[in-house]
Amino acid sequence: MERRTFLKVSAAAGGALLIPVFGEAIAEEQLINPMAVAFKKSLADAAMNAATKAGASYCDVRIGRYLNQFITTRDLNVENIVNTESSGVGVRVVANGAYGFVATNVMTLDAVADAARQAVAIAKANARLQSEPVRLAPVKGAGEVAWATPFTKDWRTVPVKEKAEMLIAANKAGMDAGASFMQSMLFQVNQQKYFASTDGSYIDQDFHRLWVPFTATAVDKASGKFRTRDGLSSPVSMGYEFLDAKPQHKIRAAGGVTTLYNGSYDLVEDARAAGRQAKEKLTAKSVEPGKYDLVLSPEHLFLTIHESVGHATELDRVLGYEANYAGTSFATLDKWESKKFQYGSKIVNFEADKNTPASLGCVGYDDEGVPAKRWDIIRDGVLVNYQATRDQAHIIGEKESHGCSFADSWSSVQFQRMPNVSLKAGRKKLAPDEMVKDVKKGIYILGRGSYSIDQQRYNFQFGGQLFYEIKDGKITQPLGDVAYQANTQDFWNACTAMCDERDWRMGGSFFDGKGQPSQVSAVSHGSSTTRFNGINVINTARKID
Amino acid sequence: MKILNQDETRRISDKVLSLCKADECVVTINGARTGNVRYARNAVSTAGLVEDTQLSVSVAFGKKQGTASINEFDDKSLEKVVRRAEDLARLAPENPEFMPTPDKQAFRASSTFSEKTAAIDPEYRAQVAAYSIEQSRKNKLVAAGFFTDRTSFETVANSRGVFGYQQQTGVDFTCTVRTEDGRGSGWVRRDANDVARFDPRAASDIAIEKALRSVDAKALEPGRYTVILEPAASSDLMAYMFFDFDARSADEGRSFLSKKGGKNRLGDKLFDEQVNIWADPWDKDVPVLPWDSQNLLARERMDLIKDGKVANMNYSQYWAKKQGKRAVGQPGNIIMAGGSKSTEELIAGTKKGILVTRTWYIRMVDPQSVLLTGLTRDGTFYIENGKIKHPIKNFRFNESPVTMLNNIDELGRPEVLSGDESPFQMLIPSIRVRDFNFTSLSDAV
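Residues numbered from 1 in each chain as written. Chains lettered and ligands numbered in written order. Predicted model: local features only at pLDDT ≥ 70, side-chain atom pairs only at ≥ 80, totals over all residues. Heavy atoms only, no water.

On to the overall build of chain A, then. Assigned secondary structure in chain A consists of nine helices and 31 strands. The C-alpha radius of gyration computed for chain A amounts to 24 Å, which stays within 12% of the reference 24 Å derived for 545 residues, consistent with globular compactness. Dimensions of chain A, computed from C-alpha atoms along their principal axes, come out at roughly 70 × 60 × 50 Å. Per-residue burial over chain A gives 68% buried out of 545 residues. Within chain A, contacts between residues separated by at least 24 positions form 75% of all contacts whose residues are at least 6 apart in sequence. Put simply, chain A shows about 17800 Å² of open surface, and 52% of that area lies on carbon and sulfur atoms. The average position of the 64 basic charges and that of the 61 acidic charges among the side chains of chain A differ by 3 Å. (Helix = DSSP H or I, 4+ residues; strand = E, 2+ residues; numbered from the N terminus. Rg over C-alpha atoms; globule rule 2.2 N^0.38 Å. Buried < 20%, exposed > 50% of the residue type's maximum accessible area, 1.4 Å probe, protein only. Contact = heavy atoms within 4.5 Å. Areas by Shrake-Rupley, 256 points an atom, 1.4 Å probe, with all protein chains shown as cover. Lys, Arg positive; Asp, Glu negative; His and termini not counted. Charge placed at Lys NZ, Arg CZ, Asp CG, Glu CD.)

Structure below.
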C-alpha cells in the first residue's frame, strides 16, 4: 500500500506546512561529514556484547543517520527550505526464541548497551507467547565492507539558490503555459546506514535518492471547474545529475501526445507541458464507461504492478503477519505449491531485483546483512516465488534469505519490504506507436493518479494523469473522468502485448507504507508500455450541489 | 529517556532565545517514549520501545528563514544550533508571503496526560496481546493485533514571549481476528489518552465475534444501499474532506468549497441539517494540545459545520491577513454531534441495509467533488428487519463524504478513535446513510 505519510515539520513562521519527511532540521555544513566508522563499530560492539551477556542468541545493531533536504515552492515563491537530520541506534535481539527491539537517540556506549539489555528483557517477556521460536536462515558474515549509491553530482553540494531557482523556473513555465497555480517540491535524501550483527558483519552503506514532484492546477472560475496534472518524472536513486536533462533521455509518447523521461529529467519542460495539459483537461471529453483495451505507459503501470504484484507476493502478507493492517494476500502458499497458478498470461514475467541501477530499492545489503540479489517471481504467467527475509526463508524451502528486510529509520524495527519488482519487457520488437495501431477501442493512460486495492489484492481501481482515446488504431482526443477497475488475476491474464526493452523504464515511490507502527519504504518498478484487453472503465465525474 | 518538565524546557528555550541574534526565533522541544507489541498468527511478532528527544530552532532575518536542530542540550550545543539556524536563514531566499511569529498569548491547558498510561510496561503490553491470542485460540481463530502506548512532551516558545509546555499520553489498539480457514474476519479499533478507558478484553471480544459471524459471506449486487457506517468506517472519509477546509484553496477556485465566479462556500448549506461538527482542544474525550505547533497560534473551539452549513475554514496567517480575517490554530481534533443510540440500536431500526465495520485504502478520485474510492473490510453484514441477516462480500465504493453527509438517516452515539491516515483525534458517531454508492465486489476476506 502506498500511504500518505505526513509529519508536521517546524517552520519559523511561514504558516502551516504538511510535509512528508522524517527528522528535524540541521545546518547545511553538517550534511557532508559522516560519522566515523570506528565510532559506529564501537557502539555496535557495545550493544552486541551487552545483548549476548544478557542472554541473546542473536543481536543486530543498526546505526543510522538520515539526512533530508526539501524545498517547497508555490507559484513564484519559495515557501520553505529545510534540512533535516535524524540519527540514533536500533538494537534487535533474539532471546528465548523471541524478538526484542529497542531504539535510542542517545549514542553513547552505555546507552546502546542499556538498549540492548532492554531489548533482551522485552524478548523474554514475549517469549511465553511464541508458538515457535524465531528461525533465522544463515548469513555469512560480510566482515567490514562498504557500499554506496553511484552518483556523479552530490545534491548536498549544489547551492540551495540554484535548486530554488530551478523550481521557480518550472512553476513559471507551467503558469505561462496555462496553469493557474503551480506547486513543486524537491526531495533529497541521504541515508547513512551502518549494520552490524553477531554473524560477523560490519556493513557501512550510503544511499542517495531524489524526487521532484509538482502539480499544475488549471481553474476555470466561470464554471467553477478545476483540474490538475502532476509531473511525469519518477523518483530515483541517483545524484543531482538526474536533473541535468539530456536529449537522449527524452521519449516521445505514443502519438506524440507528450514527452516522457528515462535517465535524466527536464523539469521545466515537463512543467510547461503540464500547464498546457491541465488547461486541456478542463475541456476533455468525459469518458463513456465500458470495456476498453488499455495501453498503459510505464510511469503509470508501475503503481498497478506495485499494488497487484509487489504487495501480493510479500511472504509476510501471505503468511498473515500483516493481517491486522496492510492485509493478507490471495497469492497463498497452495497456489505457489501447485506450480501452475496462472497469475497472468504467458507473456507476463516478473522479477525481483535489488541491483537495478538507479532504482529506489537498489542496495548493497539489506537490513539483515544479506547481499542484494535477483530472482523470478512470475515466470511465463505462473507464480514461482515470493519475497522473503531470514526468518521466512525456510517456509518456502529457501536456504537463504532473499534480502528483503528493511527499516525506514534507526528507530524502526526491520521487517519484510518489497524489492524492486518489475515486469520484463516483451521479447518481440514492438514500439508504443505500433501497439496503438492494433487497438480498435481503447484508452492510452499516462502518469500516476488515484489508486486503491483491497486487503487481499483482488479488486483494484486506478486513475492516471493523462488519458487519450484510441479509436481504430489512432489516438484521437483527450479524455477525462477515467478510472479502471479489475480483479488482479483477470487483469494480468488480459495482458496481450508489451513493448520491447527499448521502451522499458521505471516508476517509483518514496512512501510505500506498511507495518505497525507504519513505516515507509522507497521502491521502483519497471515495465515497458503494456496492453490489457477488455478492462472495465468507469466515469468518475460527480456533482455535489 | 527523561521526560523533561516545564522548568527544564523553559530554561533551555530561554537560553536559546537569549543566544539568538536574528529578528525572530522559534524554539520547539519535544520528546517521546513509545512502546508497542505486535502479534500475528496467534504469537507475538515484534515488540519494542523507541525513545527520542529533539530541539528545533527556527529563525528569521526579515523575510528569510532557516531551521536547525540538535539532540544535545549543553550550553555549547545550544549556541551551535542557534548559529546554524542563523546561517541557513542568511542563505535562504526571501519569502514574500512570510509572516512574523505570533505575539505572546496564553494557552489554556488541556487534559492530555494520564499517569496510568505513562506507567505502562512491557508486561502490560504482552498481556494485551496474550488476551486476544488466548481467546482466539479457544475459539479456533487466528489473531493479529497491535497495541502501542506513547508518553511525550512538547514545548513551544518564541522571541515574542510565547511559551507552552504540555505532556501527552495515548494508547491505540487494533485487532483483526480471522477464522483458521480464512473465510471470516473481524476487526476492532480502540484509542484513548487514558489507558483506564481501554478494555483489551472487551475490544478483542468484538473482533472475535465479528470473525465468527462473517464466515460464508454472500455476494450482493453492487449499487446504492442504506448503510450503517461504524465510526471507524467513516473517520477517514471525513478526514479527507477536512483536509480541504483550507480557505485559500477555496478562494482560489481549487476546492470543493469553491463557488462559480471566484467565491467560497462559507455559510452555504452543503450538508444535512443534522450535521454539526466542531473542533475543541479541551474536549474531555479527545483532548489535544491547545496550540498549533506549526504556527504557535492558540487553538480555539471552532464550529466547522453548523446545522449543515459551512461554519468556518482554516486560514493561514498570510491568507487571513490578505482577506481581513483572524488566523487561529488549526484543529487537532474533529468532533461530530450524534444521538444516544448504540450501533445495535441503529441496526434494530433498519429495515434493509448494510453494516460496515471498517473502510480501507481510501484515496481521492476527484477533488472537485471529494469523490473517494475505497473498500469495506473485516465485517460487512446485510441487515433485514432490524437484524443482521448474514455476512456479505466486501464492496468497493466510489462516494463523496459531502454526498454521504447529505444523505443521513440517523446518527448514533459518538465514539473516540484516531483515523488510520489522518492526524485528527476524532469523536464521531455511527451513521446510517441512504444511497451509499458501492461500485464493485471484492473477493477479499
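The next point concerns the overall build of chain B. Regarding its fold elements, chain B presents 10 helices and 19 strands. Over its C-alpha trace chain B gives a radius of gyration of 24 Å, about what one expects of a compact globule, namely 22 Å for 445 residues. With the C-alpha coordinates of chain B rotated into their principal frame, the extents come out at 70 × 60 × 35 Å. Burial analysis of chain B (445 residues in total) assigns 64% to the buried set. Relative to all contacts within chain B whose residues are 6 or more apart in sequence, the contacts with residues 24 or more apart total 73%. When the accessible area of chain B is evaluated, it comes to approximately 16000 Å², of which 45% is carbon and sulfur surface. Across chain B, the 63 positively charged side chains and the 61 negatively charged ones have centroids separated by 2 Å.

It is worth spelling out unusual backbone geometry at this point. Here the bond from Gln516(A) into Pro517(A) is cis, since omega is 0 degrees, no more than 30 degrees from zero. Topologically, Pro517(A) is positioned in the loop between β29 (505-514) and β30 (519-527). The phi dihedral of Lys339(A) is positive, around 60 degrees, even though this residue is not glycine. Tracing the sequence through the fold places Lys339(A) in the loop between α7 (333-338) and β16 (350-353). On the accessibility criterion, Lys339(A) (67% relative accessible area) is exposed. Of note, the phi angle at Arg41(B) is positive, near 55 degrees, even though the residue is not glycine. Note on placement: Arg41(B) falls in the loop between β1 (24-40) and β2 (43-61).

A word on the interface of chain A and chain B. Residue-level contacts link 92 residues of chain A with 103 residues of chain B. Carbon and sulfur atoms make up 49% of the area that chain A and chain B hide from each other, which totals about 8600 Å². At the surface where chain A touches chain B, the tally comes to three salt bridges. When the shortest N-O distance is used, the salt bridge between Glu252(B) and Arg74(A) registers 2.5 Å. Where chain A touches chain B, the interface holds 35 residue pairs in polar contact (both at pLDDT 80 or more). Class assignment for the residues of the side of chain A that touches chain B results in 38 nonpolar, 34 polar and 20 charged. (Buried area = accessible area lost by both parts, 1.4 Å probe. Salt bridge = Lys/Arg side-chain N within 4 Å of Asp/Glu carboxyl O. Polar contact = N/O pair within 3.5 Å; in protein donor to acceptor, adjacent residues only side chain to side chain. Nonpolar A, V, L, I, M, F, W, Y, C, P; charged D, E, K, R; others polar.)

Now for the confidence of the model for chain A. Summing up the model confidence of chain A, the mean pLDDT is 92 and the portion of residues at 70 or higher is 94%. A low-confidence stretch, residues 1-27 of chain A (pLDDT under 50), is modelled with 114 contacts involving residues beyond four sequence positions or located in other chains. (pLDDT = per-residue confidence, 0-100.)

The subject of this paragraph is the packing of aromatic side chains. Residues and elements named next belong to chain A. Within the structure shown, the criterion is met by 41 aromatic pairs over all chains. Members of the aromatic cluster, joined through ring pairs, are Phe-350, Phe-460, Phe-462, Tyr-484, Phe-491, Trp-492 and Phe-532. The residue whose ring lies beneath Lys-41 is Tyr-202, and the NZ or CZ to ring-centre distance is 4.5 Å. (Phe/Tyr/Trp six-rings, centres within 6.5 Å; stacked < 30°, edge-to-face > 60°. Lys NZ or Arg CZ within 6 Å of the ring centre and 35° of its normal.)

Residue and element names in this part refer to chain B. Looking at chain direction, strand β7 (residues 223-229) and strand β19 (residues 425-442) are connected through six bridges and run antiparallel. What sits directly across from Ile-228, in β19, is Arg-432. Here three bridges tie β7 to strand β14 (residues 352-366), and the two strands are oriented parallel to one another. Following the sheet pairing, Val-227 is matched in β14 by Ile-354. (Pairing = 2+ DSSP bridges.)

Attention now moves to helix α2 (residues 109-127) of chain A. In a regular helix each residue adds 1.5 Å, so 19 residues correspond to 27 Å; α2(A) covers 27 Å between its end C-alpha atoms and thus fits that length. Every buried residue belonging to α2(A) is among Ala111(A), Val112(A), Ala113(A), Ala115(A), Ala116(A), Ala119(A), Val120(A), Ile122(A), Ala123(A), Ala125(A), Asn126(A) and Ala127(A), and all of these are buried. Lining the buried residues of α2(A) we find α1 (37-53), β5 (77-95) and β6 (98-104) of chain A together with β1, β2 and α4 (122-138) of chain B. (Expected span 1.5 Å × (residues − 1).)

Take the pattern of salt bridges next. All names here are of chain A. A full pass over the atoms with the stated rule returns 64 salt bridges over all chains. Here Asp-176 ties to Lys-172 by a salt bridge, and the two come within 2.9 Å at their closest N and O atoms. In this pair, Asp-176 and Lys-172 both sit in helix α3 (residues 160-176), four residues apart, roughly one turn of the helix. Take Lys-172: its relative accessible area is 43%, and that puts it in the partly exposed class.

Looking now at the nonpolar core. With 58 residues, the main nonpolar core has Phe242(B), Phe256(B), Phe271(B), Ile277(B), Ile354(B) and Leu405(B) as its most contacted residues. Excluding residues within four positions of it along the chain, Phe271(B) makes contact with Met241(B), Phe256(B), Ile305(B), Gly308(B), Val310(B), Val402(B), Leu405(B) and Asn406(B). Counting 57 residues, the second largest nonpolar core, distinct from the first, contains Leu301(A), Phe330(A), Phe491(A) and Ile535(A). (Core = buried A, V, L, I, M, F, W, Y, C linked by side-chain atoms within 4.5 Å.)

So, on to the sheet that holds strand β21 (residues 421-423) of chain A. Residues and elements named next belong to chain A. As summarised here, the arrangement of the four strands in space is β18-β17-β16-β21, forming an open sheet in which the pairing is antiparallel. On the outer flanks of this sheet lie β18 (382-383) and β21, each paired with one strand and no other. In this structure, β16 lies alongside strand β17 (residues 374-379), joined through four bridges in antiparallel fashion. Across the sheet, the residue bridging to Phe-350 is Ile-378, located in β17. On the sheet, helix α5 (residues 298-310) packs against β16, β17 and β21 and is oriented at approximately 120 degrees with respect to β21. (Axes fitted to C-alpha atoms, helices over the stretch in contact; angles between N-to-C directions.)

All names here are of chain A. Burial of strand β27 (residues 482-487) is extensive: six of the six residues sit out of reach of the surface. Neither face of β27 is left uncovered, since the one carrying Val-482, Tyr-484 and Ala-486 and the one carrying Ala-483, Gln-485 and Asn-487 both have all their residues buried. Two strands pair when backbone bridges link them, and strand β24 (residues 459-462) and β27 are joined in this way by four bridges, in the antiparallel orientation. Within β27, the residue paired with Phe-462 across the bridge is Tyr-484. Bridge count between β27 and strand β31 (residues 530-539): four bridges; the pairing is antiparallel. The partner of Gln-485 across the bridge, within β31, is Asn-536.

In this section: the packing of α3(A) against helix α4 (residues 267-281) of chain A. Residue and element names in this part refer to chain A. Running from N to C, α3 and α4 point in directions that differ by 25 degrees, and their axes come no closer than 7 Å. In terms of orientation, α3 and α4 fall into the roughly parallel class. Remark: the crossing between α3 and α4 carries right-handed chirality. Note on element contacts: α4 touches α3 through Leu-267, Val-268, Ala-271, Arg-272 and Gly-275, opposite Met-166, Leu-167, Ala-169, Ala-170, Ala-173 and Gly-174. A breakdown of the residues in the contact of α3 with α4 according to their chemical character gives eight nonpolar, two polar and one charged. (Parallel < 35°, antiparallel > 145°, perpendicular 65-115°, else oblique. Left-handed = near helix turned anticlockwise from the far one by under 90°.)

Okay, the environment of Gly141(A) next. Residues and elements named next belong to chain A. Checked against the element boundaries, Gly-141 lands in the loop between α2 and β7 (143-148). The exposure class of Gly-141 is partly exposed, given its relative accessible area of 31%. For Gly-141 and Pro-478, which are 337 residues apart along the polypeptide, the C-alpha to C-alpha distance reads 56 Å. Beyond its immediate sequence surroundings of up to four residues, Gly-141 is in contact with Asp-199, Gly-200 and Ser-201.

A word on the packing of α4(B) against helix α5 (residues 200-213) of chain B. Residues and elements named next belong to chain B. Between α4 and α5, the least distance of the axes is 10 Å, while the angle of their chain directions is 35 degrees. Along this stretch, α4 crosses α5, giving a crossing that reads as right-handed. Here Tyr-124, Val-128, Tyr-131, Ser-132, Gln-135 and Ser-136 of α4 lie close against α5, whose contacting residues are Pro-200, Arg-201, Ser-204, Asp-205 and Ile-208. Across the contact of α4 with α5, the residue classes break down as five nonpolar, four polar and two charged.

Next up on the list: the side chain of Asn171(A). Residue and element names in this part refer to chain A. The residue Asn-171 is located in helix α3 in this model. Of the residues examined, Asn-171 reaches a relative accessible area of 0% and is grouped as buried. At 2.9 Å, the side chain of Asn-171 and the side chain of Thr-73 are in polar contact. Other than its neighbours up to four places away in sequence, Asn-171 contacts Thr-73, Arg-74, Asp-75, Met-182, Gln-183 and Ser-184.

Here the focus is the environment of Gln456(A). Tracing the backbone through its elements, the reader meets Gln456(A) in the loop between β23 (451-453) and β24. Expressed as a C-alpha distance, the spacing of Gln456(A) and Ala331(A), which sit 125 residues apart in the sequence, is 8.4 Å. Once residues within four sequence positions are removed from consideration, Gln456(A) is found in contact with Thr328(A), Ser329(A), Phe330(A), Arg178(B), Asp443(B), Ala444(B) and Val445(B). There is a polar contact of 2.9 Å between the side chain of Gln456(A) and the side chain of Thr328(A).

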